[in-house]
Amino acid sequence: MRPWTLVLIGIALIALAWRAFLAPFPGPGGNPYLDLIADRDPGLHRAIHAWHFLAPGVAVLLAGSIALSVSRVWLQPRSGSGAQGRLPDWPASPDDNAPSLVIGELHHPTVAEEAERPSWLVIPEKGLYTGMLVVGAVGTGKTTACMYPFARQLLSWQAGDPGRRAGALVLEVKGDFCHQVRSILKDAEREDDYLEIGLGGSLQWNPLDDPLLDSYSMAYGVASLINQLFGKSREPFWQQAYTNLVRWIVELHRLLPGSWVTLRDVYRCTVDAELFANRIGEAKAQALRLCPMRAVIAAKDLTAHKKALGDREWDMAPGAARVTCRLDADLGTLLEKLKVEYRTEPRGTGAGREFAEQVQAIERWYLHDWMALDAKLRTSIVEGISVFLSLFDQPEVAGVFCPPPPTGDDSQPTGTDVAQAEEEAPDVQPMPGLRRRLPPLSDLIEGGRVLALNMPAGANPALARAIGVLLKNAWMQALLRRPAEAARRPDRYMRPAVFICDEYQAFATVGQDDPSGDEKAFALTRQCRCVPLVATQSISSLRSVLPSGEAWRTLVQTLRTRIFLSLSDEASAKIASEMCGSVMKTQASYTFTETTGRPEFSLLSGRAGGGRGTIGASKSFRRSREPVFTPREFALLANYQAVCLPYNGVRSLPATRVYLKPHYLPRTHGYWRQREEGRI
């Protein structure tokens, strides 16, 4: 019941009480006319008695109803809406115990009209960990009304608590989002948490520096990235060949002193066969120092080359016509010169023996697999992989993403050091020797740091996408290790980690039947407490960069909350309409009939007319299933209007219209007021 109705009823009751106590009904003898009516018609007298008391209340209700009707019909439309559409208080605070995200205003769920009592659409913490997808054409407010405000809310949560505030990874291709994120952190007094990596920056990062990741997984990721960038062949041989080559090169460098490998090392060993062979020789020499080896040859070969080999101490191998001798570099060179086939056997035990067996596995692959391939086929494999790896042989790129091995005096930079260095010389590129190494990504996540990749795609699109995908995959790998770490340390707080990616189509990857891809990482983000927040121009943009088939559906279904702004292509609008579902609607249809029994023709006009006839009309209703939002409605959405499919972590909520809050406008003012003022 409305407040003014309650006030009106209260005044009517007061009027009734006033009449009852201050102006009572005349008793017998008080009014001769009433006495006459009571004597002749007692029923009429009782009605007059009742009306005496009810008249003031009825008069008040009648007058009040007329006044309210006049006010609502004539006065309110002329005087403006007043308090109509006033927003309630902002429902979230940075000091809340759990993070949440305010999407925008809620008015009528399906019609673009203002509500008298609007509310807020809020995604709670459980819903955040299931991911959000923002889809909108160019210029619809995708970045200013979604990415900037959402990033501010998430990065400002518990900003004053170093043990709880969220860490983040920021990827973008335009170059301005990083500056906005840095401004957000500065406003939240978290500027020391900001780290930025890019060409000419002050930080170095080696994409292959992950001791916890085996060489095969690392090589598979590189080969998959090559296929994503340059197209995937229907023949799986090429990816298998790329994976095999990169894997053994990575394994080889991990055995060399320092255990350090970069993409430039992989490229140089790929294109330089002599360097590759020398690296294997270095590993064999290292194996000989750690574990003595024996050379095993056939006894007949010893007899045939007795003059050259007889001065060494050879022992008969038990049970075979073979002889053995301690292997050193000189003996190995001599046997190769004499073209004597030999195999090696380790004589030591423990770690040295295991190291020697690993070197033997690499040499075995090199001699009997890689070198056994046809020369033209090897050239095709090298060419296919070097077109990507050659990007990292450029000095500017290698200086940032292929750093030298760490030394004992290397120290990790703090956020304050990086911020001060960039503030002192913002326009001067740091010298290679002054660059600092990026801390491990797991440390950045658990420390609540915000890492941003600032590599605008306008300069080098292929390199920007490659580095972005590599950094994203490495960051996700670090996240996926959190549940195991949490099981070992249950008392440790697992802070939220936010993945923010604008223009997501530039970095999206899917694995399909491969053990990699964003859809597999996003499917596990809830347990890792990761908040994926990605934005793209359209569903078609994702489909164009992903492999053919239904790969895009697998990716989109892992992002449970979807926000659709105005869409400019029909395919995306149709898909969005299907995602919003359909409802049963009643539609009316009309039928008109006209009949005549004796048609006549006019002699003047020559047209049919006259005669006797009947006209009939009928109206029928039918129920049919119609989309909640038609594809046309998505194309007609105004700026900062959106259709949202929210998920609160427990269940999916119905599709509804939502009115977004641009970051440059006060969030206390409603969308319709700002639209009337021309600010939107």
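Each remark here, short or long, concerns the structure printed above.
Residues numbered from 1 in each chain as written. Predicted model: local features only at pLDDT ≥ 70, side-chain atom pairs only at ≥ 80, totals over all residues. Heavy atoms only, no water.

Engineer: Would you mind showing me how to read the overall build of the chain here?
Structural biologist: Along its length, the chain carries 27 helices and 21 strands. Counting all 680 residues of the chain, 44% fall into the buried class. Taking the intrachain contacts of the chain between residues at least 6 apart in sequence as the baseline, contacts between residues at least 24 apart amount to 76%. Summing over all exposed atoms, the chain offers an accessible surface of approximately 35,700 Å²; the carbon and sulfur share of this is 54%. (Helix = DSSP H or I, 4+ residues; strand = E, 2+ residues; numbered from the N terminus. Buried < 20%, exposed > 50% of the residue type's maximum accessible area, 1.4 Å probe, protein only. Contact = heavy atoms within 4.5 Å. Areas by Shrake-Rupley, 256 points an atom, 1.4 Å probe, with all protein chains shown as cover.)

Engineer: Can you help me understand unusual backbone geometry in this one?
Structural biologist: Trans is the prevailing form of peptide bonds, just as negative phi is the prevailing case for residues other than glycine. In the Ramachandran plot, Glu189 falls in the positive-phi region, its phi being about 60 degrees despite a non-glycine side chain. Judged by its relative accessible area of 73%, Glu189 is exposed. The phi angle at Ser259 is positive, at roughly 50 degrees, despite the residue not being glycine. Along the polypeptide, Ser259 turns up in the loop between helix 8 (237-255) and helix 9 (263-271).

Engineer: How do you make sense of the packing of helix 10 (residues 273-290) against helix 14 (residues 351-370) when you look at a structure like this?
Structural biologist: To describe two helices that pack against each other, one gives the angle between their axes and the distance between the axes. Contact geometry for helix 10 and helix 14: axes closest at 9 Å, N-to-C directions at 155 degrees. Considered as vectors, helix 10 and helix 14 are oriented roughly antiparallel to each other. Our pair here, helix 10 against helix 14, has a crossing hand that is left-handed. Every residue of helix 14 that contacts helix 10 at Ala273, Phe276, Ala277, Ile280, Ala283, Lys284, Gln286, Ala287 and Leu290 is listed here: Gly352, Phe355, Ala356, Val359, Ile362, Glu363, Trp365 and Tyr366. (Axes fitted to C-alpha atoms, helices over the stretch in contact; angles between N-to-C directions. Parallel < 35°, antiparallel > 145°, perpendicular 65-115°, else oblique. Left-handed = near helix turned anticlockwise from the far one by under 90°.)

Engineer: Mind showing me how you'd approach the packing of helix 8 against helix 15 (residues 375-389) here?
Structural biologist: With their axes 10 Å apart at the nearest point, helix 8 and helix 15 run at an angle of 80 degrees to one another. With respect to helix 15, the axis of helix 8 lies roughly perpendicular. Contacts between helix 8 and helix 15 involve Phe237, Trp238, Ala241, Tyr242, Leu245 and Val246 on the former and, on the latter, Leu377, Ser380, Ile381, Gly384 and Ile385. Of the residues that constitute the contact of helix 8 with helix 15, the class distribution is 9 nonpolar, 2 polar and no charged. (Nonpolar A, V, L, I, M, F, W, Y, C, P; charged D, E, K, R; others polar.)

Engineer: I tried to follow the state of the cysteines on my own but got confused; where do I start?
Structural biologist: Covalently bonding the sulfur atom of one cysteine to the sulfur atom of another cysteine gives a disulfide. A full pass over the atoms with the stated rule returns 0 disulfides. As a non-bridged cysteine, Cys580 has Cys644 as the owner of its nearest cysteine sulfur, 9.1 Å distant. What makes Cys580 buried here is its relative accessible area of 9%. (Disulfide = S-S within 2.5 Å.)

Engineer: What should I look at first to understand the sheet that holds strand 8 (residues 315-316) in this one?
Structural biologist: Strand pairing in a sheet is mediated by backbone hydrogen bonds. Such pairs are either parallel or antiparallel. Pairing within the open sheet is antiparallel, and its 4 strands lie in the order 8-9-7-10. The outermost strands of the open sheet, each flanked by one partner alone, are strand 8 and strand 10 (343-346). Strand direction decides the pairing type here: strand 8 and strand 9 (residues 322-327), joined by 2 bridges, are antiparallel. For Asp315, the partnering residue across the bridge sits in strand 9 and is Thr324. (Pairing = 2+ DSSP bridges.)

Engineer: Quick question: what am I supposed to make of the layout of surface pockets here?
Structural biologist: By rolling a water-sized probe across the atoms, one finds the places where empty space is left. The computed volume of the second largest pocket comes to approximately 910 Å³. Around the second largest pocket, the lining comprises 29 residues; the ones closest to its centre are Lys284, Glu336, Tyr342, Glu363 and Leu367. Sorting the residues of the lining of the second largest pocket by element identifies helix 10, helix 13 (329-338), strand 10 and helix 14 as the ones contributing at least two each. Looking at the lining of the second largest pocket, the element that brings in the most residues is helix 14, giving 8 residues. By residue class, the composition of the lining of the second largest pocket is 15 nonpolar, 6 polar and 8 charged. The residues that make up the lining of the second largest pocket include at least three from each of domain 3 (207-290 + 351-394) and domain 4 (292-347). (1 Å grid on protein atoms, 1.4 Å probe; cavity = no way out; pocket = protein on both sides within 12 Å on 5 of 7 lines; lining within 4 Å. Points joined across faces, edges and corners; volume = space filled by probe spheres on them. Domains from an automatic or database assignment.)

Engineer: Any chance you could explain the side chain of Arg378 here in plain terms?
Structural biologist: For Arg378, the position within the fold is in helix 15. If near-sequence neighbours (up to four positions away) are discounted, Arg378 is found in contact with Trp370, Met371 and Leu373.

Engineer: I tried to follow the packing of aromatic side chains on my own but got confused; where do I start?
Structural biologist: How two aromatic rings sit relative to each other is set out by the distance from centre to centre and by the angle between their planes. Applying the stated criterion to the full structure yields 17 aromatic pairs. Clustering of aromatic rings is evident, with ring pairs tying together Trp248, Phe276, Trp365, Tyr366 and Trp370. Across from the ring centre of Trp90, 4.1 Å away, lies the NZ or CZ of Arg667, which sits over that ring. (Phe/Tyr/Trp six-rings, centres within 6.5 Å; stacked < 30°, edge-to-face > 60°. Lys NZ or Arg CZ within 6 Å of the ring centre and 35° of its normal.)

Engineer: Just checking my understanding: could you explain empty space enclosed by the protein for this structure?
Structural biologist: Applying the stated criterion across every chain, the model contains 1 cavity of 30 Å³ or more. In this structure, the largest cavity spans a volume of roughly 40 Å³. If you go around the largest cavity, the residues you meet are Pro99, Leu128, Leu154, Ala166, Pro496, Val498 and Val531. Here the lining of the largest cavity is composed, by residue class, of 7 nonpolar, no polar and no charged.

Engineer: Quick question: what am I supposed to make of the environment of Ser119 here?
Structural biologist: Here Ser119 lies in strand 2 (residues 119-123). For Ser119, a relative accessible area of 33% translates into the label partly exposed. Spatially, the C-alpha atom of Ser119 lies 5.1 Å from that of Leu106, the residues being 13 residues apart in sequence. Residues within four places of Ser119 in sequence aside, it is in contact with Pro88, Gly104, Glu105 and Leu106.

Engineer: Could you clarify how one ought to interpret the side chain of Ser100 in this entry?
Structural biologist: With respect to the helices and strands, the residue Ser100 is situated in the loop between helix 3 (42-79) and strand 1 (101-106). Contacts of Ser100, omitting those with residues within four sequence positions, involve Ala92, Val122, Ile123, Pro124, Leu128 and Gln153.

Engineer: Whenever I open this one, the sheet that holds strand 12 (residues 450-454) confuses me. Can you help?
Structural biologist: Taken together, the 11 strands give an open sheet; going across it, the order is 2-1-21-20-15-3-14-13-4-12-5, and neighbouring strands pair in mixed fashion. Whereas interior strands pair on both sides, the edge strands pair on one side only; in this sheet they are strand 2 and strand 5 (194-197). If you compare each strand with its neighbour and ignore which way they point, the axes differ by 25 degrees on average. As paired elements, strand 20 (residues 641-645) and strand 21 (residues 656-660) share 4 bridges and run antiparallel to each other. Among the inter-strand pairings, Val643 is bridged to a residue of strand 21, identified as Arg657. In the packing of helix 19 (residues 461-480) onto the sheet, contacts are made with strand 4 (167-172), strand 5, strand 12, strand 13 (497-501) and strand 14 (530-536), and the angle to strand 4 comes to roughly 160 degrees.

Engineer: Can you help me understand helix 13 in this one?
Structural biologist: Given 3.6 residues to a turn, an α-helix orients residues that are three or four positions apart in the same direction. Every buried residue of helix 13 is accounted for by Leu331, Gly332 and Leu335. Burial along helix 13 is one-sided: seen end-on, the buried residues are contained in an arc of 100 degrees. Helix 13 presents Ala329, Asp330, Thr333 and Lys337 as exposed residues on the side facing more than 90 degrees away from its buried surface. Buried residues belonging to helix 13 abut strand 7 (293-298), helix 12 (306-309) and strand 9. (Arc of directions from axis to C-beta.)

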